[in-house]
Structure formats: C-alpha cells, structure tokens
Amino acid sequence: MARATLKEVSELAEVSVATASLVLSGKSGNRFTEETATRVRDAADQLGYRANRLARSLRSQQTRVLGLLSIELLTTPYAGDMIRGAQLAARARDYDLLVVEIENSPASIAEGFELLADHQADGVLLASYFHNRVDVPTIRPRHLVLADAFAGSHDVDAFFPDEYASMMQVLDLLGKAGHKHVGYVGDRNDYPAVRGREAALCDAASKYDWVNIEQNMMRTADTNSVDGYESAKVLLERNTELTAVVAYNDRLAMGIYTAARELGLAIPSDLSIVSFDDQRLISEALRPGLTTVALPHLEMGRLAVEKLIELVESDEQNTPAEVAIIGDLVVRGSVAPPNGHRTASKLGQS
C-alpha cells in the first residue's frame, strides 16, 4: 500500500500544502482556526499519514520524540493511566513517546537521562507511581517536567495530586451525612500524600465537630488489606460509637470491609466507609461499591506532556511552576447517614 503524502492530506482537508505542513509540524501557532487544524489532523489520521521524521528532524533540529522516565509506573496497575494521558497528549501534537523504566534513585535517573539523550529526545517527562519528592541530578535535560512528583529545589515544572482538596471531598460527604463519630486508618510514613490527607481530616473534624478524632486514628506500616483489617478490628471494638471510617487508600478500605462484617456491621447502614485512590479492581469489586477519590493520573500525564511540548517549542523564558490537580470524587454505595443502631451489644452478637 502506498504511503499517504502531505499533498493528499491537504486535498482531503481542503487546505494548502503549506497549511497542512504547519499544522502537522506543530508550528502553526495561532495562524489557523481550531476547526482548520482539526480538519487537517483528521485527514492525516484518515489517510494514515506519517511525516518523514528523519528529513524533518534534519531541518528543524528536533526529533519529535519525548522521553518518559517511569519510576515503577509499568509495574503498578493503577498508575497506567498516566502513561495513557502522556501518550494521548504526545500523539495529539505528532510526537512519539519513548518509555523507559527506572528506579527512584539519582543514579538510575541519571542513567535514564543519558539513555534518552543518546536517542536525542527533545524533552523528558519524569513520572513517579506515587506522589513523592524526586532528587533530580544536576546534569539534566534542557526540557524536563515531573509528574506525580516534585523536585526539592522547586526549579522544575511539576504536576501532582492536590491531596488536601481531593481528600476533603469524601470527608465532606461524611460530614454532610451527619456523622460525628469518625475513625481513620492511615499510613505512618511521612509522605506528602499522608500529610495532605491527614491535614484535610483534621480540618474536617473541626468543621463538622467530630468527636475525639485524634483518639480514633490508627496508622499502619504497609497500607495493605491485612493492615486495614487488623487496625479496623481494634478500632471498631475499642470505640463502639464509630459510625464511619476513613481509609488512607483502597487497599486499607478492603480490610476495613472485612473487619466490619466479622463484627456484624452492615455497610453502609451501620458503618460508612470512604477512601482514596479509586483502584478500580478494589473499589468496584467491593459490595457495596467503595466511595473514594480517583487519583488524577490521566490528567497529570496529559498536562505534563502538554507543558513539556510547550517548553520544547517555545523560545520564551519559562518560570517553573508546581501544579496541584484535584482528583475526581467517585460516589458508590458505601456512605449513608448514621442510623444510631451501632452498639456494643450488636458487636457482642458477631
């Protein structure tokens, strides 16, 4: 099958060859309407047009290849949306994405930078599977953006979750439903996500007059379902007035479900449960479905690549910024108003 030409794309889109070339090269700026640009891209997609990358790179000194250094994204099923968001943004601007898996260490990051430099990547997205600080080597790509991470020096553009505002969404659900006796099962590690989510918890407790929130908080080492089960069992047996439990993540929430049912508590009539992450293999499989907050992986990947392309194509001086993105509230069936029937005698029947 013959390869589609730029002239064929321009004819199908009913524009000049020059217009089609500028749109597909990403250099059209504001010269054409969005309708014209969309028509050209649609025509290129319909014909399966691919520019001659080698010839174009020789002319422009750009390869139109972006590197994505993945810190464990490829080994964590719930972070794959970040790669998808990055890929969508890259392809929308006719860039290719080269993904390289690395470890979260300065040496591994430096090796990744060198590898992508060998492949002449125009820019690099450094993405982590969880919100954390990344120590970026001094020798770095000219164009660099972080996703789900930030640099300690704050001199690199970074996109990460707004832990506080995201968490507050599920806490507001509990507060507005009328809960006063709320417990928490969280992470004992000092991560940005932990600090942001617990700050929201403390502010919600003050806002809604929750009783003894400090005494009803338990922190675990590994934040898995076993930790959630064991912590919730202790918490619910110790305080029979609790009508809701907040989980730091969905894995802990899964364990809380098990503990509640062993104690004879129905969800949500006896005990409401909310969480964070929206790991759909868990949140959709639990019965009732778990009300939680989805981490904005897709948005982080998309916005980070869009910023990276802006840096690659712009001659203007850039002032690095850190952008916090609010996750989406996902309401399922795990929250209800407190019914007042949760008592020590009921626990004794379990």
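Our subject is the structure listed above.
First, a word on scope: everything that follows refers to the structure included in this document. (Residues numbered from 1 in each chain as written. Predicted model: local features only at pLDDT ≥ 70, side-chain atom pairs only at ≥ 80, totals over all residues. Heavy atoms only, no water.)

## Concerning the overall build of the protein chain
So, step 1. Helix and strand counts for the protein chain stand at 13 helices and twelve strands.
So, step 2. Going through the 350 residues of the protein chain one by one, you find that 51% of them count as buried.
So, step 3. Within the protein chain, counting contacts between residues at least 6 apart in sequence, those at least 24 apart form 75% of the total.
So, step 4. Treating the 35 positive side-chain charges of the protein chain as one cloud and the 49 negative ones as another, the clouds have centres 4 Å apart. (Helix = DSSP H or I, 4+ residues; strand = E, 2+ residues; numbered from the N terminus. Buried < 20%, exposed > 50% of the residue type's maximum accessible area, 1.4 Å probe, protein only. Contact = heavy atoms within 4.5 Å. Lys, Arg positive; Asp, Glu negative; His and termini not counted. Charge placed at Lys NZ, Arg CZ, Asp CG, Glu CD.)

## Points about the packing of helix H9 (residues 225-238) against helix H10 (residues 250-262)
So, step 1. Running from N to C, H9 and H10 point in directions that differ by 45°, and their axes come no closer than 6 Å. On the basis of the axis angle, H9 is oblique to H10. Note that H9 runs across H10; the crossing there is right-handed. Every residue of H10 that contacts H9 at Ser-225, Asp-227, Gly-228, Tyr-229, Ala-232, Lys-233 and Leu-236 is listed here: Arg-251, Leu-252, Met-254, Gly-255, Ile-256, Thr-258, Ala-259, Ala-260 and Glu-262. (Axes fitted to C-alpha atoms, helices over the stretch in contact; angles between N-to-C directions. Parallel < 35°, antiparallel > 145°, perpendicular 65-115°, else oblique. Left-handed = near helix turned anticlockwise from the far one by under 90°.)

## Focus on the nonpolar core
So, step 1. Among the nonpolar cores identified, the biggest contains 46 residues, and Met-167, Leu-171, Leu-201, Trp-210, Leu-236, Val-246 and Ile-273 are the most heavily contacted of them.
So, step 2. Ranked by the residues each element gives to this core, the list is headed by helix H8 (residues 192-208), at seven residues.
So, step 3. Those residues in contact with Met-167 that lie beyond four places of it in its chain are Tyr-184, Arg-197, Ala-200, Val-246, Ala-247 and Phe-276.
So, step 4. Grouped together as the second largest cluster of nonpolar side chains are 24 residues, Ala-127, Ala-147, Ile-309 and Val-312 included. (Core = buried A, V, L, I, M, F, W, Y, C linked by side-chain atoms within 4.5 Å.)

## Focus: the sheet that holds strand E7 (residues 217-220)
So, step 1. What the four strands build is an open sheet, ordered E7-E6-E8-E9; its pairing is parallel. The strands lining the two open edges of the sheet, one partner per strand, are E7 and strand E9 (272-274). Pairs of neighbouring strands in the sheet enclose a mean axial angle of 15°, with direction left out of account.
So, step 2. Alignment of strand E6 (residues 182-187) against E7, held across four bridges, turns out to be parallel. If you follow Asp-187 over to E7, its bridge partner there is Thr-220.
So, step 3. Relative to strand E8 (residues 244-247), helix H7 (residues 163-177) is tilted by about 175°, and along the sheet it contacts E6, E8 and E9. (Pairing = 2+ DSSP bridges.)

## Notes on the pairing of strand E3 (residues 123-134)
So, step 1. Counted residue by residue, E3 has nine buried out of twelve residues, so it is predominantly covered.
So, step 2. The pairing of E3 with strand E4 (residues 144-151) spans seven bridges and is parallel. Within the sheet, the bridge partner assigned to Ala-127 lies in E4 and is Ala-147.

## Some details on the pattern of salt bridges
So, step 1. Across all of its chains, the model carries 22 salt bridges by this definition.
So, step 2. In this structure, Asp-277 and Arg-197 form a salt bridge, with 3.7 Å as the shortest nitrogen-oxygen distance. Placement of the pair is Asp-277 in the loop between E9 and helix H11 (280-283) and Arg-197 in helix H8, with a sequence separation of 80 residues.
So, step 3. We classify Asp-277 as buried; its relative accessible area is 11%. (Salt bridge = Lys/Arg side-chain N within 4 Å of Asp/Glu carboxyl O.)

## Topic: the side chain of Thr-243
So, step 1. One can find Thr-243 in the loop between H9 and E8.
So, step 2. Exposure remark for Thr-243: the relative accessible area of 12% places this residue in the buried category.
So, step 3. Side chain to side chain, Thr-243 and His-179 meet in a polar contact 2.7 Å long.
So, step 4. Those residues in contact with Thr-243 that lie beyond four places of it in its chain are His-179, His-181, Asp-270, Leu-271, Ser-272 and Pro-338. (Polar contact = N/O pair within 3.5 Å; in protein donor to acceptor, adjacent residues only side chain to side chain.)

## Some thoughts on a negative patch on the surface
So, step 1. A cluster of acidic residues, Glu-72, Glu-101, Glu-103, Glu-111, Glu-114 and Asp-118, forms a negative patch on the protein surface.
So, step 2. Per-element tally for the negative patch: the top contributor is helix H6 (residues 106-118), with three residues.
So, step 3. Take Glu-101: it is sitting in strand E2 (residues 96-102).
So, step 4. Glu-101 sits in the partly exposed class, given a relative accessible area of 32%. (Patch = residues over 30% accessible without salt bridge, like charges linked within 9 Å, V, L, I, M, F, W, Y side chains within 5 Å. Areas by Shrake-Rupley, 256 points an atom, 1.4 Å probe, with all protein chains shown as cover.)

## Considering the sheet that holds strand E5 (residues 157-161)
So, step 1. Ordered in space as E2-E1-E3-E4-E5-E11, the six strands form an open sheet in which the pairing is parallel. Looking at which strands have only one partner, the edges of the open sheet turn out to be E2 and strand E11 (322-325). When the angles between neighbouring strand axes are averaged without regard to direction, this sheet yields 20°.
So, step 2. Note that E5 and E11 share four bridges and pair parallel. What sits directly across from Phe-160, in E11, is Ala-324.

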